[in-house]
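So you can see what is in the structure, the chains are spelled out below.
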Amino acid sequence: MASAITFANPNFYSSTFSPAFPRTLLCPKPRVLYSNASSSCFTTKCSLSPRPPYIPHHIPNPDYVRIFDTTLRDGEQSPGATMTAKEKIDIARQLARLGVDIIEAGFPAASRDDFEAVKSIAMEVGNAVGDDGHVPAICGLSRCNKADIDAAWEAVKHAKYPRIHTFIATSDIHLNYKLKKTREQVVAIARDMVAYARSLGCDDVEFSPEDAGRSDTEFLYQVLGEVIKAGATTLNIPDTVGYTIPSEFGQLIADIKANTPGIENVIISTHCQNDLGLATANTLAGAYAGARQLEVTVNGIGERAGNASLEEIVMALKFKSKLLGGLHTGINTRHIYMSSKMVATISGLYTQPHKAIVGANAFAHESGIHQDGMLKHKGTYEIISPEDIGLTRSNQYGIVLGKLSGRHAFRSQLMELGYDLDPKELDDVFWRFKAVAEQKKHVTDDDIEALISDEIFKPQVVWSLGDLQVISGTLGLTTAAVKLIYADGTEHIAHSGGTGPVDAAYKAIDSIVKMPVTLLEYSLTSVTEGIDAIATTRVVIRGENSQTATHSTGETFLRTFSGTGAAMDIVVSSVQAYVSALNKILGFKNAPAKKLEIPSVVKNL
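Predicted, not measured: the structure shown is a model, and the values here were computed from it. (Residues numbered from 1 in each chain as written. Predicted model: local features only at pLDDT ≥ 70, side-chain atom pairs only at ≥ 80, totals over all residues. Heavy atoms only, no water.)

A. Just the state of the cysteines, in detail. All told, the structure shown has zero disulfides when counted by the stated rule. C202 takes part in no disulfide bond, and the closest cysteine sulfur to it belongs to C139, at a distance of 8.5 Å. (Disulfide = S-S within 2.5 Å.)

Following this line, the structure appears as C-alpha cells:
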C-alpha cells in the first residue's frame, strides 16, 4: 500500500476534534448548560436576535434573514463525508440549537437509507421545541419528478414545518447537454411539479432553477413567474458552479426582484458554490440585493470547492449589519465553534488552519508586532472575540494536567473545555488520559479533545483494536501482528508483511475482517507540538460492494467512508482510523431497518 503521509502542526486553537452532539455542552460567558436530551437551557440564555414567526412565503421583519443549512445534503456530497443516520440526527439537533431556520436534511430519493435518515430528522428534530420556542423547518430535496417529490414529502411531512425543495436546470448548457429539453418543456415541468408538490398537502415548496448563474435572465423571469403561480413559496437562485462574481450575483438578485411577476409573494434565496472562492461574497451581495434566505453549510463543506460557509455569513452579517442595511439572523453564534468541530469530526473533513472564523489559527497571533498590539488592546488585531463563537481555552483555576492528576481535576478541565460526559464516558476517557500522561510531561487541551474524539465520538463498534505489534526497519521485511476484538468478544489474530508498518497492519486487518476495500485517502496530523505529540489519522475507504446512492444529478455513485484515530504512536493511530472507517461502513451496511412507513417509491430504491 503506497500512502502519502502529511504532517501539519496546528498551533494554539487546534481544530482536530469535533464532538458529536449527544453530550452536554457549555456555552461560555454567559455560561449556558444544554442537555443532550432536549434543547432546554437551564441557566442564562445567550442573547439572540429576535426571530419572527415562521411563515413559508413571508417574513414579517423585512430585515430578518433566514439561514438554510444544507450540511446534511450538499455537505454530505463531499467525498468521504458519508454519515450514518444517527450522525445526521446528532448534527441536526446541533443545527437546531445553533438556531438554523431550515435544515435540508437530505435527498430522500437517493436511497432507502437517505429516506429513513430524513424522516427520522423530521420526526425527532422537526418537532423538538427549543428553549426559545424555535422549531426548525425540515426540508427534503427532490428533482422535478413525481417519484422524487413523493419520497421527499413522505420523509418530511411529519415535521412541524415540512418543506419540499424541488429543482430543474435552466441554463442552456444544461438544457442542451444534460436534460436535452427545450425551454418550453422545462417551464412546463417546473410549473407542474411545484403544483404537484402543493397538491400533496405541502404548504412550503422551494423551487431552484439549477445553474441560474449561467441562465438567460429573461428565461429565468418566465420560469420563476410560472412556479410562483403554481404555489412556490421560496425561490432559490443557485450559482451552481460558482460562476459569478459579487457584482454579477447581486445584480442578478436585484433583477429577479424587479422583473419577476409575483415576486413580492415569495422569499428570494441564494445558494452559492465556492469554485472561485467567492461563495461568501456572492451570498452577502445577494442578501444586500434583497435575498432573505441564504443557503450555507457548516465549514463551507460541499461538492468540489464547497458552499458558502455558515460561520462566515453569520458573523459577517452580525458585525457588518449596519452596512448591510440592518440585516440580522436568529443564529446563536456561541454554538458556531462546537457545530464546526462536530461536523468536522463526523464528516472527516477537517478545516484548514487558516479557515476564517473556525480555523486553528483564526485567533492565533505569532508575529511580534501583532502580539504587542494584542497585549495592549485585543481590538488591534481581532475583530471577533473567540467567545463570540463559543470558543474558550482559558483555565480560570490554573489547573495543569499530568500523570498525577485525579479524576476530579480531569473532569473540571473537561467542563472548562465545554464537555460534560456521563460517568462511563468520563471513566473511559480518563484512563486513556492517564496512559498518555504517563508518557507526556504536560497534557494539553488539544490532547484531551483528541482523546475525547477518539474514545467517545466514534461509530458503532463492530471491531475494536486489541493489540498491535510491528517490526520494521531497513534490515528486513516489515511485519505486523494485529489482534482485533469482535462485538461478541471473540478475539481474532493475524500476521502480515508489507512495505511499511501501516501497510502491514492494514493487510493483517483485511485478513481478519475480510471486506475488500480501497484506501482512497490517508493523512496524519500532529495535534500538538513536540516529539511526544498525539497524532490524529484520517482515512477514506470505499468497499468493493459499497452502498450505492443516487446523486441529485441522477447519477449512481458508490459511497465512501472516513475514519479517524488518535494516539501517540502513529501506527496505532493509523490502525484505529482504519478500524473506525471499517466500523462505519459495516454499521451503515448492517444497520437494522427502522420501523418507518416506507412508500413504495422508496422501497424500490
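B. Geometry of the nonpolar core. Counting residues in hydrophobic clusters, the biggest one holds 90 residues, and the most contacted among them are F207, L235 and I237. Broken down by element, this core gets its largest block of residues, eight residues, from helix 6 (residues 217–230). When neighbours within four sequence positions are excluded, I237 is seen to be in contact with P209, A212, L224, F249, L252, I253, I256, I268, S269, T270 and H271. (Core = buried A, V, L, I, M, F, W, Y, C linked by side-chain atoms within 4.5 Å. Buried < 20%, exposed > 50% of the residue type's maximum accessible area, 1.4 Å probe, protein only. Helix = DSSP H or I, 4+ residues; strand = E, 2+ residues; numbered from the N terminus. Contact = heavy atoms within 4.5 Å.)

C. Local environment of the environment of A577. Looking at the element boundaries, A577 is found in helix 16 (residues 570–590). Among the residues examined, A577 registers a relative accessible area of 0% and is labelled buried. Sequence-wise, A577 and G565 are 12 residues apart; in three dimensions their C-alpha atoms are separated by 4.2 Å. Residues contacting A577, with those up to four places away along its chain left out, are T537, V539, G563, T564 and G565.

D. Structural view of the sheet that holds strand 4 (residues 102–106). In spatial order, the strands read 3-4-5-6-7-8-9-10; together these eight strands close into a barrel with parallel pairing. Geometrically, the sheet is characterised by an average inter-axis angle of 25° between neighbouring strands, direction not taken into account. Two elements, strand 5 (residues 137–143) and strand 6 (residues 162–169), share six bridges in a ladder whose sense is parallel. Across the sheet, L141 pairs through a bridge with H165, a residue of strand 6. On the sheet, helix 6 packs against strand 7 (205–210) and strand 8 (234–239) and is oriented at approximately 165° with respect to strand 7. (Pairing = 2+ DSSP bridges. Axes fitted to C-alpha atoms, helices over the stretch in contact; angles between N-to-C directions.)

E. Examining the pattern of salt bridges more closely. The tally for this structure, following the rule as stated, stands at 30 salt bridges. We note a salt bridge from D74 to R73, for which the minimum N-O separation is 3.8 Å. Of the charged contacts in the structure, one is a salt bridge between K507 and D503, with a shortest N-O distance of 3.3 Å. Taken as a pair, K507 and D503 lie in helix 15 (residues 501–513) at a separation of four residues, close to a single helical turn. For D503, a relative accessible area of 3% puts it in the buried group. (Salt bridge = Lys/Arg side-chain N within 4 Å of Asp/Glu carboxyl O.)

F. Region of interest: the sheet that holds strand 19 (residues 561–567). Strand order in this open sheet of three strands is 15-16-19, and the pairing throughout is antiparallel. The sheet is open, and its two borders are formed by strand 15 (517–526) and strand 19, each paired with just one other strand. Within this sheet the neighbouring strands show an average axis-to-axis angle of 20°, counted without direction. The pairing of strand 15 with strand 16 (residues 535–543) spans nine bridges and is classified as antiparallel. Bridge assignment links T518 to a residue of strand 16, and that residue is R542.

G. Main features of the packing of helix 6 against helix 7 (residues 246–259). Between helix 6 and helix 7, the shortest axis-to-axis distance is 10 Å and the interhelical angle comes to 50°. Comparing their axes, helix 7 and helix 6 come out oblique. Helix 6 and helix 7 meet at a crossing whose hand is right-handed. Contacts from T217, L220, Y221 and L224 of helix 6 reach helix 7 at L252, D255, I256 and N259. For the contact of helix 6 with helix 7, the class distribution of residues is five nonpolar, two polar and one charged. (Parallel < 35°, antiparallel > 145°, perpendicular 65-115°, else oblique. Left-handed = near helix turned anticlockwise from the far one by under 90°. Nonpolar A, V, L, I, M, F, W, Y, C, P; charged D, E, K, R; others polar.)

H. Quick peek at the pairing of strand 4. Counting buried positions over the five residues of strand 4 gives five, a clear majority of the element. Across four bridges, strand 4 lies against strand 5 in parallel orientation. Along strand 5, the bridge assignment pairs I102 with A137. On the question of chirality, the crossover connecting strand 4 to the parallel strand 5 by way of helix 2 (residues 112–124) is right-handed. (Right-handed = clockwise from strand over helix to strand, strands pointing away.)

I. Local environment of the packing of helix 1 (residues 85–98) against helix 10 (residues 336–347). Running from amino to carboxyl end, helix 1 crosses helix 10 at an angle of 165°, the nearest separation of the two axes being 10 Å. Taken together, helix 1 and helix 10 sit at an angle that is classed as roughly antiparallel. Our pair here, helix 1 against helix 10, has a crossing hand that is left-handed. Of the residues in helix 10, those in contact with E87, D90, I91, Q94 and L98 of helix 1 are I336, M338, S339, M342, V343 and I346. Considered class by class, the residues forming the contact of helix 1 with helix 10 number seven nonpolar, two polar and two charged.

J. Representation of helix 13 (residues 423–437) within the structure. If you check helix 13, its first and last C-alpha atoms are 20 Å apart, about what 15 residues at 1.5 Å a residue would give, namely 21 Å. Every buried residue of helix 13 is accounted for by E425, L426, V429, F430, F433, K434, V436 and A437. The buried residues of helix 13 occupy one face: seen down the axis, they fall within an arc of 160°. (Expected span 1.5 Å × (residues − 1). Arc of directions from axis to C-beta.)

K. Spotlight on the confidence of the model for the chain. Taken residue by residue, the chain gives an average pLDDT of 83. The fraction at 70 or more is 78%. In the model, residues 394–398 has pLDDT below 50 throughout and makes eight contacts with residues more than four positions away in sequence or in other chains. (pLDDT = per-residue confidence, 0-100.)

L. Quick look at unusual backbone geometry. Despite not being glycine, D211 shows a phi value in the positive range, around 65°. Tracing the backbone shows D211 in the loop between strand 7 and helix 6. A positive phi is found at R304, a non-glycine position, where the angle reads about 55°. Here R304 is to be found in the loop between strand 10 (293–296) and helix 9 (310–319).

M. Main features of the packing of aromatic side chains. Applying the stated criterion across every chain, the model contains three aromatic pairs. Taken together, a centroid distance of 4.0 Å and an interplanar angle of 10° make the contact between Y506 and Y578 stacked. One end of the pair, Y506, is in helix 15; the other, Y578, is in helix 16, with 72 residues separating them in the sequence. Y578 shares its class with Y506; the two are buried. (Phe/Tyr/Trp six-rings, centres within 6.5 Å; stacked < 30°, edge-to-face > 60°.)

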